[in-house]
Amino acid sequence: VLSYNMYPGIDPLDASLITPTGNSFRNAYFRDEINQVQLTGHYDHGGDILDSIDAGFSFVDNKVRSAYGFIQNETWGGVGPASDIPDDLFTLVTIPDKFDGVSGADAGIIPALYQFDFANYADLLESLYQVCSQSQTGSVQPGTCLADYTTDRTISEKTISPFVQANFAFDVFDRPAHIIAGLRYDQTTVASSSLLPIPVGTRWTGNNEFALILGDTQTLTSKGSYQNWLPNIDFDIEPIRNVKLRASYSHTITRANYADLQGGLELATNPTISQGTGSLGNPNLVPFKSKNIDLSAEWYYGRASYLSVGFFNKDVKNFISVDQINRTAFDLRNPADGPRYQAAVAALGTTDATQVRDYILRNYPGSSTVTGSTVIDGVTYLQGDIFGLPEDDLFNFQIAQPFNNDRTANIHGWEFAIQHQFWDTGFGVILNYTIVDGDTDYDNALNPNIGQFALTGLSDSANAVAFFDKYGLQARVAYNWRDEFYAGGSFDPTYVEAYGQIDASASYEFTNGLSVFLEAINLTGEGRRGHRRSDNFVTFAQPGYARYSGGVRFTF
C-alpha cells in the first residue's frame, strides 16, 4: 500500500499548492500487415487403402512497423509556481471505493487524490511554458504535443510453406481405421530495419536523475532465416462400436514475438547514477519447436453424449531467454563519476547528491547550466544540468538481449471430459478437467540474484457447463476455473492466483438464420490477484465486474 509523509503544515488536499513539474509526452504507432497466397489441391483415389491426397503451397508476407517518439522536460523541481495553475482544473476523487471487493485495499490506502483533464492541462502548460514546442528533449509535430518519431522499426517476415498429406482408410480385424500422414516444409526469412536516435552525451539533471542527449538518427539493418521440416501422423480405430481410439505424433513451431526480433541497440533515455539500461533485439532467433504425442479414448454412449480421456506429452526446445550484458555504449560519460565529482566530495566531505551537485554547478560553470534553485532547511542549493565530459568515467549500461537457450522442457498431462444429454429433453451438462505438469518449476527458495529457467502459464483448469438446446432456444451457464500459475520473471517470479468465474448466454432462433442473443460474463464479479514469492507480496489486485451484451444475428 502506497504511503507518504507531508512536510509539517502542508495540506496534501489543498489544490492551490499543486505545482507543475517535469513532464513527458509519448507518441507510438503500430501496424501489422499480412498478405497471403495459398493454393491447395485434393485428389480422390477412390479405392484400395489410399483414400485421398491433399497438397498445397502457402506464401505469407508479414510486415510490421512500430514507431515511437517522446518529448520530455527535466523540470522536476517545478516548471513554474502553483499560482499559475487554476484550482478548478483539478477534481478530487476518493480511492478506497475504487477497490471495492479487493481484500485489504482499505488498510492505509491514500484516501483521495486529484485528477485533471489531461488535454486542458497540456494546453495550459504549453501556453505558459512551451513544454511541447520548446521541450528539452525531442521535437513535436507543429501545433501539437505529438512527438516526432525518433525510433522507427520495421520487420519483414516472409514464409514459404509447401505441404503434402496422404489419407488412408482400411480395416483392422474388420474394424474401421484411418491414418493421416503429412509433411510440411517451412522456410522463413526475417529482415529487420531500425531507425534509432544515436545518443551523443549525458546530462545530470537531478539527485538520481540523468538524461541522454540524443543526436541524429541512424538506420541499422540485420537479417535472419530458419527452416523446419514438420511431419505429422494421426491414427484412429473403432475397436468396438461407438468407441474411438486415437494416437498422433507431430512437430509444431511457435515463432518469436516481434519485440524480440527487432534489431538495433536502444538505450533507456533516463539512466540512474549507477548504470543505464537498454535493449538489443535479435533477428536470428529461431522458433520454439515441440515434438508432440497425443493419445485419447472416446466412448459415444448416446446420440449427444460421450466420455473421453486423453494424454499429451510435449518436448519443447529453443526457449527464448534474456541475457543481461554489462557494457559501455556510444562513448557516453557519467557526469557523477569523474574528476568534478571527486573534487566536490573531497571539498564537502559528503556524497550527498544535493550538495555535490550544488558544488559542481557553482564551481564548473563551463560544463553545467543553472536552471533554478531550491531551499532546504534555510540553505539555497542550485539546480540545473551537469554535462558529461571526456575525462569522466564511461557510463555502464545493462543491455537485455534475447537468445535461444539450449534448455529443453517436457510438458505432459491428462484431459478428462464428459458430455451428457438427459434423454430428449434438451437439457445436458458438460464437465472437463485438464491436468498439466512440467519438469521445470520455479524454486522460490533459491537465491533471488540467480536467474532461473521455468515454464510459464502451466496450471490445471476445469469447466462445468449446464445447457438447454431445443425448440430453437439455446441457453448455457458455465463455471470456468484455472489454478494458480507462474507468469514469468527469471529473477523475481510473478504468480497469477487461482481464478474462477460464472458466465451465461442464451439465444433464440426465430427463423432460419435470424436469432437474438444475450450474454453475461463474470456474473458474480470475481476479481484477480497476482503475487511474487509470497502470497502476501501482492503485485496486482483487479476488481471484477459483470459484463452484459445482447444483439441480433442474421446470416444469409
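This text goes with the structure placed above it.
It should be emphasised that the depicted structure is a prediction, and the values quoted were computed from it without experimental measurement.

**Structural notes on the side chain of Thr202**
Counting through the fold element by element, Thr202 comes out in strand β6 (residues 175-206). For Thr202, a relative accessible area of 2% corresponds to the buried category. A polar side-chain atom of Thr202 sits 2.6 Å from the main-chain carbonyl oxygen of Arg333. If we ignore the near neighbours within four places in the chain, the residues touching Thr202 are Ala211, Leu212, Ile213, Leu332, Arg333, Pro335, Ile386, Phe387, Gly388 and Phe395.

**Description of the packing of helix α3 (residues 339-348) against helix α4 (residues 353-363)**
Taken N-terminus to C-terminus, the directions of α3 and α4 make an angle of 115 degrees; their axes are 9 Å apart at the nearest point. The orientation of α3 with respect to α4, classified from their angle, is roughly perpendicular. α4 is crossed by α3, and the crossing has right-handed handedness. Each of Arg340, Tyr341, Ala343, Ala344, Val345, Ala347 and Leu348 in α3 lies in contact with α4, whose residues at this interface are Gln355, Val356, Tyr359 and Ile360. Taken together, the residues of the contact of α3 with α4 sort by class into nine nonpolar, one polar and one charged.

**Looking at the packing of aromatic side chains**
Inspection of the entire model under this criterion finds 25 aromatic pairs. Joined through ring pairs, the aromatic side chains of Trp204, Phe210, Tyr341, Phe395 and Phe397 make up one cluster. Cation over ring: Arg357 sits above Trp204, and NZ or CZ is 5.5 Å from the ring centre. Geometry around Phe517 places Arg553 over its ring, the cationic atom sitting 3.8 Å from the centre.

**A word on the pattern of salt bridges**
Under the counting rule described, the total for this entry stands at 17 salt bridges. Ionic pairing is found between Arg255 and Asp186, a salt bridge with its closest N-O pair at 3.0 Å. Of this pair, Arg255 sits in the loop between β8 (243-254) and α2 (258-261) while Asp186 sits in strand β6, and the two are 69 residues apart along the sequence. Owing to a relative accessible area of 30%, Arg255 belongs among the partly exposed residues under this scheme. By relative accessible area, which is 5% here, Asp186 ends up buried. Put simply, Arg340 and Asp392 hold a salt bridge, and the shortest N to O gap is 2.7 Å. Of this pair, Arg340 sits in helix α3 while Asp392 sits in the loop between β15 (379-387) and β16 (397-404), placing them 52 residues apart in sequence. Of the two residues, Arg340 and Asp392, both sit in the buried class. Through salt bridges with shared partners, a single network forms among Arg303, Asp424 and Lys470.

**Some remarks on the sheet that holds strand β22 (residues 494-496)**
Taking strand neighbours across the sheet as the criterion, the four strands line up as β21-β22-β25-β26 in an open arrangement whose pairing is antiparallel. Only two strands of the sheet have a single partner each, and these edge strands are β21 (485-488) and β26 (538-542). Taken over all neighbouring pairs, the strand axes of this sheet differ in orientation by 25 degrees on average, direction set aside. Examined bridge by bridge, strand β25 (residues 528-531) and β26 share four bridges and lie antiparallel to one another. Bridge pairing links Gly530 to Phe540 in β26.

**What to know about the environment of Leu431**
Structurally, Leu431 is set in strand β18 (residues 427-438). When its relative accessible area of 42% is taken as the criterion, Leu431 is described as partly exposed. Between the C-alpha atoms of Leu431 and Leu514, which are 83 residues apart in sequence, the distance is 30 Å. Sequence-distant contacts of Leu431, defined by excluding residues within four places in its chain, comprise Phe416, Ala417, Ile418, Asn463 and Ala464.

**Here's the deal with a negative patch on the surface**
Residues Asp315, Asp437, Asp439, Asp441 and Asp443 make up a contiguous surface patch of negative charge. Here Asp437 is to be found in strand β18.

**As for the nonpolar core**
Judged by nonpolar contacts, the single largest core of 18 residues is most densely connected at Trp204, Leu267, Leu332, Val356, Ile360 and Phe397. Elements represented by at least two residues in this core include exactly β7 (209-237), β9 (265-267), α3, α4, β15 and β16. Here this core gets three residues from one element, more than from any other, and that element is α4. Not counting residues up to four positions away in its chain, the partners in contact with Phe397 are Leu212, Leu267, Gly276, Thr277, Ile325, Asn326, Arg327, Ala329 and Leu332. By size, the runner-up hydrophobic cluster in this structure holds 13 residues, among which are Ile85, Tyr121, Val131 and Cys132.

**Some thoughts on a nonpolar patch on the surface**
On the surface, Tyr4, Met6, Tyr7, Ile10 and Leu17 cluster together into a nonpolar patch covering about 540 Å² of accessible area. Summarising the element assignment, Leu17 is placed in the segment before β1 (23-44).

**Side note on the sheet that holds β9**
Read across the open sheet, the four strands follow the order β9-β10-β16-β13; overall the sheet is mixed. The two strands at the open ends of the sheet, each matched to only one other strand, are β9 and β13 (320-327). Pairs of neighbouring strands in the sheet enclose a mean axial angle of 25 degrees, with direction left out of account. Bridge count between strand β10 (residues 276-280) and β16: four bridges; the pairing is parallel. If you follow Gly276 over to β16, its bridge partner there is Phe397.

**Section: the pairing of strand β20 (residues 473-482)**
Taken together, the ten bridges between strand β19 (residues 461-470) and β20 define a ladder with antiparallel strand orientation. The partner of Ala466 across the bridge, within β20, is Val477. Counting the residues between successive antiparallel strands, the hairpin from β19 to β20 contains two residues, one of them, Tyr471, with a positive phi of roughly 60 degrees. Here β20 pairs with strand β23 (residues 499-511) via ten bridges, running antiparallel. Bridge pairing in β23 places Ala475 opposite Ala506.

**Some details on the environment of Phe57**
Along the polypeptide, Phe57 turns up in strand β2 (residues 50-73). Given a relative accessible area of 36%, Phe57 falls into the partly exposed group. When the C-alpha atoms of Phe57 and Pro339 are compared, they prove to be 66 Å apart, with 282 residues separating the residues in sequence. The contacts of Phe57, once residues within four sequence positions are left out, are Val37, Gln38, Leu39, Ile160, Ser161, Pro162 and Phe163.

**Section: unusual backbone geometry**
Even without being glycine, Asn242 reaches a positive phi, approximately 70 degrees. Mapping Asn242 onto the fold places it in the loop between β7 and β8. Unlike most non-glycine residues, Asn522 shows phi in positive territory, near 55 degrees. Residue classification places Asn522 among the buried positions, given a relative accessible area of 4%.

Calculation rules
Numbering of residues starts from 1 in each chain and follows the order in which that chain's sequence is written. Reporting in this predicted model follows two pLDDT cut-offs: at least 70 for local features of residues, and 80 or more for side-chain atom pairs to be given and counted; totals over whole chains, interfaces and linings ignore these cut-offs and use all residues. In computing side-chain properties, one takes all heavy atoms of the structure into account and sets aside hydrogens as well as water. Counting from the N terminus, the helices are DSSP H or I runs at least four residues long and the strands are E runs at least two residues long. Classification of residues uses two cut-offs on accessible area relative to the type maximum, computed with a 1.4 Å probe and protein chains only: under 20% is buried, over 50% is exposed, and between them is partly exposed. Here a polar contact is recorded for every N or O atom pair within 3.5 Å, except that within protein the pair must consist of a potential hydrogen donor and a potential acceptor, and residues adjacent in sequence are included only if both atoms are side-chain atoms. We call two residues in contact whenever any of their non-hydrogen atoms come within 4.5 Å of each other. Where helices are involved, their axes are fitted lines through C-alpha atoms of the stretch in contact, as for all axes, and angles between N-to-C directions lie from 0 to 180°. Small angles under 35 degrees read as roughly parallel and large ones over 145 as roughly antiparallel, with 65 to 115 read as roughly perpendicular and the rest as oblique. Two helices cross in a left-handed way if the nearer one is turned anticlockwise from the farther one by less than a right angle. They cross in a right-handed way if the turn is clockwise. For this scheme, ten residues count as nonpolar: Ala, Val, Leu, Ile, Met, Phe, Trp, Tyr, Cys and Pro. Four count as charged, namely Asp, Glu, Lys and Arg, and the remainder, Gly too, count as polar. Between the rings of Phe, Tyr and Trp (Trp by its six-membered ring), a pair exists once the centres lie within 6.5 Å; its type follows the angle of the planes, with under 30 degrees stacked, over 60 edge-to-face, and the other angles tilted. We count a charge as sitting over a ring when the NZ of a lysine or the CZ of an arginine lies within 6 Å of the ring centre and within 35 degrees of the ring normal. The rule for a salt bridge is simple: a side-chain nitrogen of Lys or Arg has to be within 4 Å of a carboxyl oxygen of Asp or Glu. Pairs of strands are assigned from DSSP output, requiring at least two bridges between the strands. Each patch is built from salt-bridge-free residues with over 30% relative accessible area, joining like charges within 9 Å and nonpolar side chains (Val, Leu, Ile, Met, Phe, Trp, Tyr) within 5 Å. We get accessible surface area from the Shrake-Rupley algorithm with a probe of 1.4 Å; when it comes to residues, only the shown protein chains can shield them. Within this scheme the basic residues Lys and Arg register as positive and the acidic residues Asp and Glu register as negative, but His and the chain ends are omitted. In plain terms, the charge of a residue is placed at NZ if it is Lys, CZ if Arg, CG if Asp and CD if Glu. Among the buried residues, those of types Ala, Val, Leu, Ile, Met, Phe, Trp, Tyr and Cys that are joined through side-chain atoms within 4.5 Å form a nonpolar core.

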